[in-house]
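An overview of the molecular structure
Residues per chain are reported as follows:
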Amino acid sequence: MAAHTLIAPCETPRAAGFRMPAEWEPQAGCWMAWPERPDTWRLGAKPAQAAFARLANTIARFAPVTMLASAGQWGNAVRQLDPAVRVVEMTTNDAWLRDTGATFVIDDHGRLGAIDWQFNGWGGLTDGLYFPWDADDAVAAKMCDLERARHFRAPLVTEGGAIHVDGQGTILTTEACLLNANRNPGLTRADAEACLCDYLGASRVIWLADGVPDDITGGHVDNLACFVAPGVVLLAWCDDPADPHYAVSRAAEARLLAACDAQGRPIRVERMPMPTPMFLTAEEAGGLDRTNPRLSATAGDRLAASYVNFLIVNGAVIAPAFGVPTDAAAEAILTGLFPTHEIVMLPSRDILLGGGNIHCVTQQQPTARGA
Ligand code: KQY
C-alpha cells in the first residue's frame, strides 16, 4: 500500500487562529444523535432511547442540547425529550456524535470553526464496525452549516473520541487508534502530530499506547484518560494483575509521568479505579438484531466500562454509573477533582451495551467569544 500523504488544504485552523478549548471552558451547547439501529442497540433501541433521553434532559440543565434524529424517529425523540432540547432531522448511520460530529474550535475574535475529521467506521473495510458509514461522515459538515461555523475538512481519518485536549496546547491520544493502518495507512507519528496540532491549534501531543481492553473502537483515549485541569490527567486504573487493564494502566501512567504538557508542566496523574468487571448477559445479547456480522456482541463479552467516559459541561460533570459497588468511589473521586462542579452520576448500562458511554455520545460546542 502507498505511504500515506497528508494533503494540507489552504489554511489550517491553527494558521487561521483557532484552537479547541478544554471541556471545562464555557459551552454554548451540546450535540447528540438519537439511537435507533437494532444491531447496535438491543430491543429496537428502546432502552437506549430512554437512556439517551435521560442524558440529554440532564445535560439540558447546563447547556442547550441539540438532538439529531432520523425522519422516522423525529417525533418519537421529540416526545421523549424535554421541550428545551432542539430536535433536528438528520440522517446518520448511528449515534456516536463524539466520533462523527464536528470538533468545534474557536478563535480570539468570537468565531466558531468546525473540524470535520474523515470517519471510516472505526477501521474501514478491514476493522470497521459497520458499513456504510457515509451518513456519519457527513454529520460534521451538516452541523457546521447549521451553526454557520467555518468548515475545516481534515486530511486525517480519526474520531473525536480518539483525542482529548487541555485547551492550552496539549493533545492526549493513543497510538492504537491514530497510528493504526485501519485509519491512516503509512501515516508517520510526525505527520500525525503535525496534523493534530494544525487542526486542534495545539503544539504538543502526549501519546499513550493502548486503550482499555475490549474497547471496540480499537482504543479511544476518552475511555482511558482525560484532562481534568491544566497539567492533571485522570487515568482509568486497575490493581488486579489478572486483569488485562492492569498492564495498560501502568504503561499509560509511565508515559504520562514522563511527559510535559505544552506549557512545560509535568503531568500529575490521578487514578480512577475501573468499575467492577461487567459482562453482556444472554438476555441483552438476545435483544440484538443479528444483521451485521461486525456487530457480533456475544453473551459473556466483557464490556469496556470506564468512569472516565464522562462529559464536563458548564459547572457539571455528567458521569456514568453502572449500579455496581465501585460507583460510590468514582463519584467521590470526581467530587474531589471538581469541587465546584455538580457531579451527576447517570445509570448508563444501556449506553455501554452499544460500545461506548456518555462522552462517546455527546459533542460539546464551546462558547465563541471575542477577546
Ligand atoms: O465511541 C465509541 N465508543 C463508539 C463505539 C461504536 C460502537 C458501534 N456499535
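Scope of this entry: the structure provided in the associated data block. (Residues numbered from 1 in each chain as written. Predicted model: local features only at pLDDT ≥ 70, side-chain atom pairs only at ≥ 80, totals over all residues. Heavy atoms only, no water.)

1. Quick word on the site of the ligand
Near the ligand there are 13 residues, and of these D99, L295, G354, G355 and C360 occur at the shortest range. Here D99 contributes a side-chain N or O atom positioned 2.6 Å from an oxygen atom of the ligand. Here a nitrogen atom of the ligand and a backbone polar atom of G354 are 3.2 Å apart. If the ligand stood free it would expose 300 Å²; the protein chains cover 99% of that surface. In the shell around the ligand, the residues fall into six nonpolar, six polar and one charged. (Near = heavy atom within 4 Å. Polar contact = N/O pair within 3.5 Å; in protein donor to acceptor, adjacent residues only side chain to side chain. Areas by Shrake-Rupley, 256 points an atom, 1.4 Å probe, with all protein chains shown as cover. Nonpolar A, V, L, I, M, F, W, Y, C, P; charged D, E, K, R; others polar.)

2. Observations regarding the nonpolar core
Among the nonpolar cores identified, the biggest contains 55 residues, and M32, L55, I59, L81 and I318 are the most heavily contacted of them. Top element by residues in this core is helix 1 (residues 46-59). It accounts for seven residues. Other than its neighbours up to four places away in sequence, I59 contacts C30, M32, V65, L311, V313, I318 and T362. Residues I206, V221, V232 and L334 belong to the second largest nonpolar core, which totals 48 residues. (Core = buried A, V, L, I, M, F, W, Y, C linked by side-chain atoms within 4.5 Å. Buried < 20%, exposed > 50% of the residue type's maximum accessible area, 1.4 Å probe, protein only. Helix = DSSP H or I, 4+ residues; strand = E, 2+ residues; numbered from the N terminus. Contact = heavy atoms within 4.5 Å.)

3. Focus: the sheet that holds strand 6 (residues 150-157)
Reading across the sheet, the three strands line up as 4-5-6 and stay open at both edges, with mixed pairing between neighbours. Looking at which strands have only one partner, the edges of the open sheet turn out to be strand 4 (103-106) and strand 6. With direction set aside, neighbouring strand axes in the sheet form an average angle of 30°. Docked against the sheet, helix 5 (residues 134-146) engages strand 4, strand 5 (112-118) and strand 6, running at close to 170° with respect to strand 5. Here helix 7 (residues 189-200) sits on the sheet and contacts strand 4, strand 5 and strand 6; the angle it forms with strand 6, its principal contact strand, is near 165°. (Pairing = 2+ DSSP bridges. Axes fitted to C-alpha atoms, helices over the stretch in contact; angles between N-to-C directions.)

4. Structural notes on the sheet that holds strand 13 (residues 311-313)
Read from one edge to the other, the open sheet built from three strands follows the order 13-14-15, with strand pairing classed as mixed. Bordering the open sheet on either side are strand 13 and strand 15 (342-347), each of which pairs with just one other strand. Across this sheet, the average inter-strand angle for adjacent strands is 25°, counted without regard to direction. As defined by bridge partners, strand 13 adjoins strand 14 (residues 316-321) across three bridges and the pair is classed as antiparallel. Residue pairing across strands places L311 opposite I318, the latter belonging to strand 14. Lying on the sheet, helix 1 is in contact with strand 13, strand 14 and strand 15; it crosses strand 15 at an angle near 170°. On the sheet, helix 10 (residues 327-337) packs against strand 14 and strand 15 and is oriented at approximately 155° with respect to strand 15.

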